[in-house]
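These are the residues of each chain, in order.
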Amino acid sequence: MAATLYDKIWHEHVVREYDDGSVLLYVDRHLLHEVTSPQAFEGLRLAGRRVRRPDLVLATVDHNVPTRHRDSVSDPVAAEQIAALQRNAKEYGIRYLGLSHPEQGIVHVVGPELGFTLPGTTIVCGDSHTSTHGAFGALAFGIGTSEVEHVLATQTIRIRKSQTFRVRFVGRLPAGVTAKDMILYFIGLVGPAGGTGFVLEFCGDPIRALSMEERMTVCNMSIEAGARAGLIAPDKVTFDYIAADDRPFAPRGRALHEAISRWEKLVSDYDAQFDREMELNIASLEPQVTWGTSPGMVTGISGKVPEPEEVEHFSADDVAKSLTYARLKPGQKMVDIPIDVVFLGSCTNGRLTDLRIAAEILKGKKISPHVRMIVVPGSERIRRHAEQMGLDKIFREAGAEWRHAGCSMCLAMNEDRLDPGQRCASTTNRNFESRQGHDSITHLVSPATAAASAIAGHLSDPREYFT
Amino acid sequence: MQPFVKCRGKLAVLYRANIDTDQIIPKQFLKSVARTGYGENLFFEWRYDASGRPDPSFVLNRPEYDKATILVAGNNFGCGSSREHAVWALMQFGFRAVVAPWKEESPGKRIPAFADIFRSNSTRNGLLTIELTTDEVQWLVSQDRKYGPLEATVDLVSQTITVQGTPRETFHFEIPPDDKKMLLQGLDHIDTTLKDLGEIERFERKHNVQMPTADKSPGL
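A brief look at the structure comes next.

Parameters and conventions
- Residues numbered from 1 in each chain as written.
- Chains lettered and ligands numbered in written order.
- Predicted model: local features only at pLDDT ≥ 70, side-chain atom pairs only at ≥ 80, totals over all residues.
- Heavy atoms only, no water.
- Helix = DSSP H or I, 4+ residues; strand = E, 2+ residues; numbered from the N terminus.
- Buried < 20%, exposed > 50% of the residue type's maximum accessible area, 1.4 Å probe, protein only.
- Contact = heavy atoms within 4.5 Å.
- Areas by Shrake-Rupley, 256 points an atom, 1.4 Å probe, with all protein chains shown as cover.
- Lys, Arg positive; Asp, Glu negative; His and termini not counted.
- Charge placed at Lys NZ, Arg CZ, Asp CG, Glu CD.
- Phe/Tyr/Trp six-rings, centres within 6.5 Å; stacked < 30°, edge-to-face > 60°.
- Lys NZ or Arg CZ within 6 Å of the ring centre and 35° of its normal.
- Core = buried A, V, L, I, M, F, W, Y, C linked by side-chain atoms within 4.5 Å.
- Buried area = accessible area lost by both parts, 1.4 Å probe.
- Salt bridge = Lys/Arg side-chain N within 4 Å of Asp/Glu carboxyl O.
- Polar contact = N/O pair within 3.5 Å; in protein donor to acceptor, adjacent residues only side chain to side chain.
- Nonpolar A, V, L, I, M, F, W, Y, C, P; charged D, E, K, R; others polar.
- Disulfide = S-S within 2.5 Å.
- Pairing = 2+ DSSP bridges.
- Axes fitted to C-alpha atoms, helices over the stretch in contact; angles between N-to-C directions.

Now for the overall build of chain B. Within chain B one finds eight helices and nine strands. Counting only C-alpha atoms and orienting by the principal axes, one finds that chain B spans roughly 65 × 45 × 35 Å. Within chain B, buried positions represent 58% of all 220 residues. In chain B, once contacts between residues fewer than 6 apart in sequence are set aside, the share between residues at least 24 apart is 71%. Within the structure as shown, chain B displays about 9,200 Å² of accessible surface, and the carbon and sulfur contribution to it stands at 51%. Taking the 28 positively charged and 29 negatively charged side chains of chain B as two groups, their mean positions are separated by 1 Å.

Written as structure tokens, this is what we have:
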């Protein structure tokens, strides 16, 4: 029978089926961070259980870590949480990338960098943006802490199968428009719950034309459409990425060769049936920017703040509440909205190509004097590579701050946060109320739009830099 | 985990769509390594003003909704972050169930009431998520506006929620059989799964041949 990519990976990992419709699914890779794991380890300890396969687990610290320096964590509660992960990793024999480790970074950035993320695998993590790893043709999804404990104890997860949703992009992506704009556009069309219950498969020539880093941006925000996972079938771009130097967990030599011949079969059959399909033409797509408090509240950069009654997927009441929160009025042009802060980073857009596209725009220029810009690389490896390329110098000379790796202002759990009323053009994934700090306002944008906006001092169209 | 069979209690109405887990429990409270202590910070940003005083207009601060055990919310409840702390906060505040509407966006396109990860986290802690139709939830909201707090009985065995008063209304809800079983029995899933340890080991022997292992990791 014809099978989708999701069907194929699923089928390979079913340990057993239960008569209530759920299955026991094997987990190939388990990623841990400090925020959602301590209670899982505590549960193991109380029940006297062990970690079944510590060799399949990788832990790092990212949510709580300071980005100004690597000396110490000044917040004692955060420091204790980080210390707890370190202790748990040591006690249970789990690889741990601590604060001073040269490979520390955001869990969804370091997994792929180290070759831990591989096509055809199942990957879980107590973090909703685990969908990122789907860019490799891995079935990757976020789980809660109880499930983290279950995976630690059994290396499996008990789960029901999702429906499938094929998202086909057509047309050529215009210059200055990026993978971030593609996924924001999709979320706007389908709504913040349009993907709930589905695993997405992104396909089409524009997806094939993306680098691995850009594909990760697309899959990363699957969850913002409600989908637990997003998939992209692996191809030569994927295999070349994995074959690159410095991926210590990836197979090498003959093993890599054999793996690639298996990975080449990881495609949906031409006659496979999907539960839902959608086609998006991006030939005239504009840079996208959010105006509200849901990632689905999005428009083109040349657009305006909408009237409450005219937004698909949202009630007039919900839109009105969002606009009040965001201090915006219907009819305002997006490019007229002044900003206070620009944040470049996160598991969505903190990779080297993201930093490079922003640096190209900022090179030889200054950011607006009333704007503060913070650049937080997704990993310490990216930080080193960016410094070798001189990107840090470009950012500093433009007036931006250059930091160490972490989640930082994406969720503002560490010291990096907005003040009440501050407005930020942010390359992150969520514009929820108070996400970046109490009573702060977030506009989700691409790294190119972030850089152009930093120079202009208001939301701004980056395409003028690409003509 | 705490089983869920039946509960009777007051309904608190917070009828907004897309209530995300950042609103349910904000990040500043996720630094704890404990499983408890989250209830007092449930809906922190909406519940307290800038100086930390309870906002008297917020539903959970209104005396007539004191000790509510069933929350009525809008579509796509629990979207966003996977933090299980959101479920812990709701339960530690005193909620045993959340009611939200699924909606039909166009014929055949059904948008579930709850976000996926939130729903799974709820089930694993004994918090029941109840999906009703938009009309049914709007009826609850309008009754609440007219008469003040409603009382209801939720019965998981018969999959019903019965609102007291005149007229008495009973709504039926659907729930996947595996979730129902887990909630009714309050099962520890790990125990259940470990009974299949033999199958897991058998699976690994055949699977690991195909899957490059992660244990070759020089320098890490």
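With that settled, the discussion passes to the packing of aromatic side chains. The full count for this structure, using the stated rule, is 21 aromatic pairs over all chains. Ring plane angle 15° and centroid distance 6.4 Å describe the contact between Phe114(B) and Phe118(B), whose orientation is recorded as stacked. Summarising the burial analysis for this pair, Phe114(B) and Phe118(B) share the class buried. Of the aromatic side chains, those joined through ring pairs into one cluster are Phe165(A), Phe169(A), Phe186(A), Phe198(A) and Phe202(A). The ring of Tyr18(A) has Arg158(A) sitting right over it, with the charged end atom 3.7 Å from the ring centre. A cation over an aromatic ring shows up here: Arg247(A) above the ring of Tyr241(A), its NZ or CZ 3.8 Å from the ring centre.

A few words on the nonpolar core. Of all hydrophobic cores here, the largest spans 86 residues; its most connected members are Phe395(A), Phe43(B), Phe77(B), Leu90(B) and Phe118(B). Excluding residues that lie within four positions of it along the chain, Phe118(B) makes contacts with Thr21(B), Ile24(B), Phe77(B), Gly78(B), Ala86(B), Val87(B), Leu90(B), Leu127(B) and Thr129(B).

A word on the interface of chain A and chain B. Taken together, the 82 residues of chain A in the interface contact 70 residues of chain B. Taking both partners together, chain A and chain B bury about 6,300 Å²; carbon and sulfur atoms supply 52% of that area. Of all residues in chain A, Gln39(A), Arg49(A) and Arg158(A) give up the largest surface area on contact with chain B, accounting jointly for 10% of the area buried on that side. Remark: the boundary between chain A and chain B carries 13 salt bridges. Across the pair Asp196(B) and Arg16(A) runs a salt bridge whose closest N-O atoms are separated by 3.2 Å. Taken together, chain A and chain B are joined by 36 residue pairs in polar contact (both at pLDDT 80 or more). Here the side of chain A that touches chain B takes seven residues from helix α5 (residues 145-154) of chain A, the largest share from any one element. Residue classes in the side of chain A that touches chain B are distributed as 29 nonpolar, 27 polar and 26 charged.

What follows is about the state of the cysteines. Residues and elements named next belong to chain A. Applying the stated criterion to the full structure yields zero disulfides over all chains. Here cysteine 410 is not disulfide-linked; the sulfur of cysteine 347 is the nearest cysteine sulfur, at 6.0 Å. The class of cysteine 410 is buried, set by a relative accessible area of 6%. No disulfide involves cysteine 424; its sulfur sits 10 Å from that of cysteine 410, the nearest cysteine. Among the residues examined, cysteine 424 registers a relative accessible area of 0% and is labelled buried.

Here we come to the sheet that holds strand β17 (residues 401-402) of chain A. Strands in a sheet are paired, the pairing made by backbone hydrogen bonds, and the direction either parallel or antiparallel. All names here are of chain A. Ordered by their spatial adjacency, five strands build an open sheet running β17-β16-β15-β18-β19, and the pairing between neighbours is parallel. Two strands lie at the open edges of the sheet, namely β17 and β19 (441-444), each paired on one side alone. Pairing geometry for strand β16 (residues 372-375) and β17, over two bridges, is parallel. Residue isoleucine 374 lies in a different strand from β17, and its bridge partner there is glutamate 401. Each of β15 (341-344), β16 and β17 touches helix α13 (residues 352-362); the most contacted strand, β15, lies at about 140° to it.

All names here are of chain A. What you see with strand β2 (residues 23-26) is no split at all: Val23 and Leu25 on one side and Leu24 and Tyr26 on the other are buried throughout. Strand direction decides the pairing type here: strand β1 (residues 14-17) and β2, joined by three bridges, are antiparallel. Bridging across to β2, valine 14 finds its partner in leucine 25. Once β1 ends, the chain turns through five residues before running back antiparallel as β2, passing glycine 21 with a positive phi of about 95°. By the bridge criterion, four bridges tie β2 to strand β8 (residues 156-159) in an arrangement that is antiparallel.

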